[in-house]
Structure formats: C-alpha cells, structure tokens
Amino acid sequence: MQTTKTSSTLVNADGLIVGRMCSKVAKRLLNGEDVIILNAEKAVFSGKRKAKILEGHIFLEVGAPERGPFHYRRPDKYLRKIVRGMVPYKQPKGKAAYKRLRVFMGVPKELFGQEMITFEEASSANLKGPRITLGELAKEIGWRNRME
C-alpha cells in the first residue's frame, strides 16, 4: 500500500459566511484533502442579531442533557458540527472525511505565518444586511471564553 502525505489546506474563516464556507470545506474534505479552519470565532452569520440568538436558544432546548443530542457552544466545535452536517458522516467515506477536518479559534503557534486561503464566494464584504460573528453568537448562547 502506498502512503502519500498530503499537505493541509489552511482556511482563514475571518469574515466568511459560515454556510458558504462550510460547504466549500465539505467538498474539499470529500475530495480527500486535509483542511484546517483557523479563526473560527470570526466567521459570520448573516441575519438579524436577535433572530440568530433566538434560533440558537430554541435549538438548545432540543433533546435532554443525559442522552443527547449534545449541543456545543464553543465556536470551533460549533463550526465543526456544521461541517459534519454537510458530509455523510455515518458512511465510511464521510467518517474518513470528517477525521481530516481540524478547526481552531485563532491561529496556533505551529501554524502561524503559513499561507492561508479564503473563499471569495463566501466573503461577507458584500452583505448589505445585519450580521453576527460566531464568537458573539457563542457567548450569547452560553460559551464562557476561558482562553482570555
């Protein structure tokens, strides 16, 4: 069996719309690439702030704490679960793709200074309406930022 080391694709999530970015990342994962998403807390949801926070609170009421489903509040885990919904994670190819994904808040020391890509189609610069970052949403639904 031949082993080939693939280089990881670094994606800078700063200012990118969450759904569009995650769909691009999911496609790359299914094509066999290793993807690392950086600055997860700076990704953007489009829509009114109060509406997005209300959606988050309503979603947290689904299930039971003992048996699930378990809802993450940390931005990196939240973003990872969004990508999981875009790959067939119950099938072997989806499970393998999901294992190739890594998500970080900020930029770790070992990845600092490396070239990062961004998706122009997912940029929030052209949004005319209101927006909220994933970090702000996470704080509103109960994330306690212990990293500061």
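Structure: see above.
Quick caveat: nothing in here was measured; it's all calculated off a predicted structure. Numbering of residues starts from 1 in each chain and follows the order in which that chain's sequence is written. Only residues with pLDDT of at least 70 are given local features in this predicted model, and only at 80 or more are side-chain atom pairs given and counted; all residues enter the totals for whole chains, interfaces and linings. Working from all heavy atoms in the structure, the side-chain values ignore hydrogens and water.

Novice: So what exactly am I meant to see when it comes to the overall build of the protein here?
Specialist: Assigned secondary structure in the protein consists of five helices and five strands. The helix and strand sequence of the protein, counted from the amino end, reads β-α-β-β-α-α-α-β-β-α. Every radius of gyration here is taken over C-alpha atoms, with the globule rule written as 2.2 Å times N^0.38, N being the number of residues. What you see for the protein is a C-alpha radius of gyration of 16 Å, in line with the 15 Å of a compact globule of 148 residues. Principal-axis analysis of the C-alpha atoms places the extent of the protein at approximately 50 × 40 × 30 Å. In what follows, a contact means two residues having at least one pair of non-hydrogen atoms within 4.5 Å. Here the analysis covers contacts within the protein between residues at least 6 apart in sequence; of these, 83% occur between residues at least 24 apart. In this description, accessible areas are obtained by the Shrake-Rupley approach with a 1.4 Å probe, and a residue is regarded as covered only by the protein chains that are shown. Approximately 9600 Å² of the protein is accessible, and the part contributed by carbon and sulfur atoms is 51%. Within the protein, one finds 29 positive and 15 negative side-chain charges whose respective centroids are separated by 5 Å. Helix and strand assignments follow DSSP, with helices taken as H or I runs no shorter than four residues and strands as E runs no shorter than two, numbered in order from the N terminus. In this tally, Lys and Arg are treated as positive and Asp and Glu as negative; His is ignored, and so are the chain termini. Note on charges: their place is set at NZ of Lys, CZ of Arg, CG of Asp or CD of Glu.

Novice: Would you explain the sheet that holds strand 2 (residues 34–38) in this entry?
Specialist: In any sheet, the strands associate via hydrogen bonds between backbone groups, in a parallel or an antiparallel arrangement. For two strands to be treated as a pair, DSSP must find no fewer than two bridges joining them. Reading across from one edge, 1-2-4 is the order of the three strands in this open sheet, with parallel pairing throughout. This sheet does not close on itself; its edge strands, each paired only once, are strand 1 (8–12) and strand 4 (101–103). Each adjacent strand pair in this sheet contributes to an overall mean axis angle of 20°, direction not counted. Alignment of strand 2 against strand 4, held across three bridges, turns out to be parallel. Paired with Ile-37 across the bridge in strand 4 is Val-103. To get an axis, a line is fitted to the C-alpha atoms, and for a helix only the part in contact is used. The angle between two axes follows their N-to-C directions and goes from 0 to 180 degrees. Across the sheet, helix 1 (residues 18–30) is in contact with strand 1, strand 2 and strand 4; its angle to strand 2 comes to roughly 155°.

Novice: Explain the packing of aromatic side chains here, please?
Specialist: Any pair of aromatic rings gets described here by the distance separating the centres and the angle formed by the planes. Aromatic pairing here means that ring centres of Phe, Tyr or Trp (its six-membered ring) are within 6.5 Å. Orientation follows from the plane angle: under 30 degrees is stacked, over 60 is edge-to-face, and everything else is tilted. As enumerated under the stated definition, the model contains one aromatic pair in all. Seen from their ring centres, Phe-45 and Tyr-78 are 6.3 Å apart, and the 85° between their planes marks the pair as edge-to-face. Of this pair, Phe-45 sits in strand 3 (residues 44–46) while Tyr-78 sits in helix 3 (residues 75–84), and the two are 33 residues apart along the sequence. We call a charge positioned over a ring when the NZ of a Lys or the CZ of an Arg lies within 6 Å of the ring centre and within 35 degrees of the ring normal. Sitting over the ring of Tyr-89, Arg-84 keeps its end group 4.1 Å from the ring centre.

Novice: Help me understand helix 4 (residues 92–99) in this model?
Specialist: Structural remark: α-helix, 3.6 residues per turn; residues separated by three or four positions point the same way. Throughout this description, buried means an accessible area under 20% of the type-specific maximum (1.4 Å probe, protein chains only), exposed means over 50%, and partly exposed covers the range between. When helix 4 is considered as a whole, its buried residues turn out to be Gly-94, Ala-97 and Tyr-98. All buried residues of helix 4 fall inside an arc of 100° around its axis, so they share one side. In this structure, helix 4 carries Pro-92 and Lys-99 as exposed residues pointing more than 90 degrees from its buried face. Buried positions along helix 4 lie against helix 1, helix 3 and strand 4. The directions from the helix axis to the C-beta atoms form the arc being described.

Novice: Just to check I follow, could you spell out the side chain of His-71 for this structure?
Specialist: When you line up the elements, His-71 lands in the loop between helix 2 (49–60) and helix 3. Identification of polar contacts relies on pairs of N or O atoms within 3.5 Å, with a donor-acceptor requirement for protein atoms, meaning one able to donate a hydrogen and the other able to accept it, and with residues adjacent in sequence counted only if both atoms are side-chain atoms. Of note is the side chain of His-71, whose polar atom sits 3.4 Å from the backbone oxygen of Phe-59. When sequence neighbours within four positions are dropped, the list of residues in contact with His-71 reads Phe-59, Leu-60 and Val-62.

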